[in-house]
Amino acid sequence: MAHSFVLRDAERGHQTLVSTGPNASYVAGHPDGVITRHSSFNFHEYQSGRPGFGKIRVFGDEVFSGVGCGYNMHPHHNFLIMAFVLEGRLTHINTMGKIDELEPGDYYLASFGSGGKHCELNLEAKDLNVIYVWALPDRLMLPPRYSRAHFDAAAARNRLVTLIGATPGAVPIPQDFRVSRLVGDRAQRHTYRPASRAHGVYIFVVAGEIGCAGMELGRRDSAGVWDVDEIICETGPGPSDVLFVETIM
Amino acid sequence: MADEALKRFMCLGCGFLYDEQLGLPEHGIRPGTRWAEIPEDWVCPDCGTPKSGFEMVEIPYATDPLAAGSAE
C-alpha cells in the first residue's frame, strides 16, 4: 500500500552553530561566522521528528557564512556522507584524498568505512550552501573511499540524472541507494520508477514548485513516498531543481 | 540475556561502532560487554555523542564471508 509524508520547509529542524562557546573547537571561522543548518531528519539530539528514512539518517541543508567558516577536522567511521554544492565554494580536506574544492554542481561521496577525518570550509566571502546526505552502509568497516563528480545542469536540463548509485556514469555507493537530480526550466511530467516497492524515495525541492505523487511542493519542501511502482512528478512552468534520494526501506 | 546474539551499535553523530563482541578494551570496556551494561552517561569516544544517540545496526562487516559478494 502506498505511503507518504510531507515535510514543509518551515517544519524542518533549525539550528545555528557559531564558532565560539561549546562548539569553538568544532566550528571554524571568526566569531561572526555562522553555520545555519536545516535538518529534515533527526540528526541525533538536534531535533524531534522523523529519525530517518530507509537508510538515510541525515538530510541537511546548510549555509556556511563568513570567511573561514566550516567544520574543523573531525572523525567519522562507516557513514556514507554525500555533499552537493548549491552555491559558493566548499574546500574539503580529508584523509582519503587531497584538498578538494567543490563548486555548484560538484558533489562528493565519502565512504568513511574503517575510519577517516575531514574538514569542510568556506574560504570565500560569499555564502556556501551545501546539501548533506548521510546514509548507513551495507557493510561495516569498508576501506575508506572518496569520490567526487560534477552535475552539469545545463547539459542535463529537463532530464532526471542519477548522480550516485548503480547506474553507468554515476558514482557507485556501497548501499541499495540512489541520488538523482532534475533541473528544469519548463513545465514537464516525469515518471520516477523506484527499483521496487520495497524502496522509498525522499523528494526534496531545492528550487521551484512541483506536483509530486499528488502533493504540491514548494521551495525546500520535501516528501517521502514508498511502496509504489512509480511516482509522477510535474514541474511548474518556471525553473525547478529537485533531488530524489531513493533508498531500500 | 546470555543466549541473545551479540549486537552492534553505531554512533549517529560520527559513525563510530560499538560491537558487544569486541567491547572497547582501550576504553576499559571488556569484550562481551552488553550495551545495557554500559553506563547511561557514557559518550562516543570519538565525538562525544551521548549513548542515546547510538542506533542498533544489523549490518555485516566488510570482512564477513557472507558480505563478500555484496555489490559496491
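Refer to the structure above for everything that follows.
Quantities reported herein were computed from a predicted structural model and do not represent experimental measurements. (Residues numbered from 1 in each chain as written. Chains lettered and ligands numbered in written order. Predicted model: local features only at pLDDT ≥ 70, side-chain atom pairs only at ≥ 80, totals over all residues. Heavy atoms only, no water.)

K.L.:
Describe the interface of chain A and chain B, listing the residues and the values that go with them.
P.N.:
How big an interface is tends to be stated in terms of the accessible area lost upon association of its parts. Contact with chain A, which involves 19 residues of that partner, is made by 21 residues of chain B. Of the roughly 1900 Å² buried between chain A and chain B on both sides combined, carbon and sulfur atoms contribute 63%. Linking chain A with chain B are 1 salt bridge. A salt bridge links A:Arg57 to B:Glu55, with the shortest nitrogen-to-oxygen separation between them at 2.7 Å. Where chain A meets chain B, there are 6 residue pairs in polar contact (both at pLDDT 80 or more). Considered class by class, the residues forming the side of chain A that touches chain B number 11 nonpolar, 4 polar and 4 charged. (Contact = heavy atoms within 4.5 Å. Buried area = accessible area lost by both parts, 1.4 Å probe. Salt bridge = Lys/Arg side-chain N within 4 Å of Asp/Glu carboxyl O. Polar contact = N/O pair within 3.5 Å; in protein donor to acceptor, adjacent residues only side chain to side chain. Nonpolar A, V, L, I, M, F, W, Y, C, P; charged D, E, K, R; others polar.)

K.L.:
Pulling in residues and values, what's your account of the sheet that holds strand β16 (residues 188–192) of chain A?
P.N.:
Residues and elements named next belong to chain A. Judged by pairing direction, the sheet is antiparallel, and its 4 strands sit side by side in the order β16-β21-β18-β19 without closing on themselves. Each edge of the open sheet is held by one strand with a lone partner, namely β16 and β19 (215–217). Pairwise comparison of adjacent strand axes, ignoring direction, gives a mean angle of 20 degrees for this sheet. Across 5 bridges, the pairing between β16 and strand β21 (residues 231–235) is antiparallel. (Pairing = 2+ DSSP bridges. Helix = DSSP H or I, 4+ residues; strand = E, 2+ residues; numbered from the N terminus. Axes fitted to C-alpha atoms, helices over the stretch in contact; angles between N-to-C directions.)

K.L.:
Account for unusual backbone geometry, naming residues and giving values.
P.N.:
Residue and element names in this part refer to chain A. A positive phi angle, near 50 degrees, is found at Ala213, a position not held by glycine. Relative to the elements of secondary structure, Ala213 occurs in the loop between β18 (210–212) and β19. One non-glycine residue, Asp227, lies in the positive phi region at around 60 degrees. You can see Asp227 is positioned in the loop between β20 (222–226) and β21. Judged by its relative accessible area of 18%, Asp227 falls in the buried class. (Buried < 20%, exposed > 50% of the residue type's maximum accessible area, 1.4 Å probe, protein only.)

K.L.:
Give a detailed account of the nonpolar core, specifying residues and quantitative values.
P.N.:
A:Phe59, A:Met82, A:Phe84, A:Ile164, A:Phe177 and A:Tyr202 are the most contacted members of the largest nonpolar core, which has 31 residues in total. Among the elements that line this core, the one with the most residues is strand β7 (residues 80–87) of chain A, at 4 residues. Excluding residues within four positions of it along the chain, A:Ile164 makes contact with A:Met82, A:Phe84, A:Tyr107, A:Leu109, A:Ala170, A:Val171, A:Ile173, A:Phe177, A:Arg178 and A:Val179. Counting 30 residues, the second-largest nonpolar core is a separate cluster that includes A:Cys69, A:Ile81, A:Leu128 and B:Leu17. (Core = buried A, V, L, I, M, F, W, Y, C linked by side-chain atoms within 4.5 Å.)

K.L.:
Describe the layout of surface pockets, listing the residues and the values that go with them.
P.N.:
Residues and elements named next belong to chain A. Its boundaries defined by the atoms lining it, the second largest pocket holds a volume of some 260 Å³. In terms of lining residues, the second largest pocket is bounded by 17 residues, among which Leu86, Arg181, Val206, Ala207 and Asp241 are the most central. When residues of the lining of the second largest pocket are traced back to their parent elements, those giving at least two are β7, β15 (177–184), β17 (199–207) and β22 (240–248). Looking at the lining of the second largest pocket, the element that brings in the most residues is β7, giving 3 residues. Its residues placed into classes, the lining of the second largest pocket shows 9 nonpolar, 3 polar and 5 charged. (1 Å grid on protein atoms, 1.4 Å probe; cavity = no way out; pocket = protein on both sides within 12 Å on 5 of 7 lines; lining within 4 Å. Points joined across faces, edges and corners; volume = space filled by probe spheres on them.)

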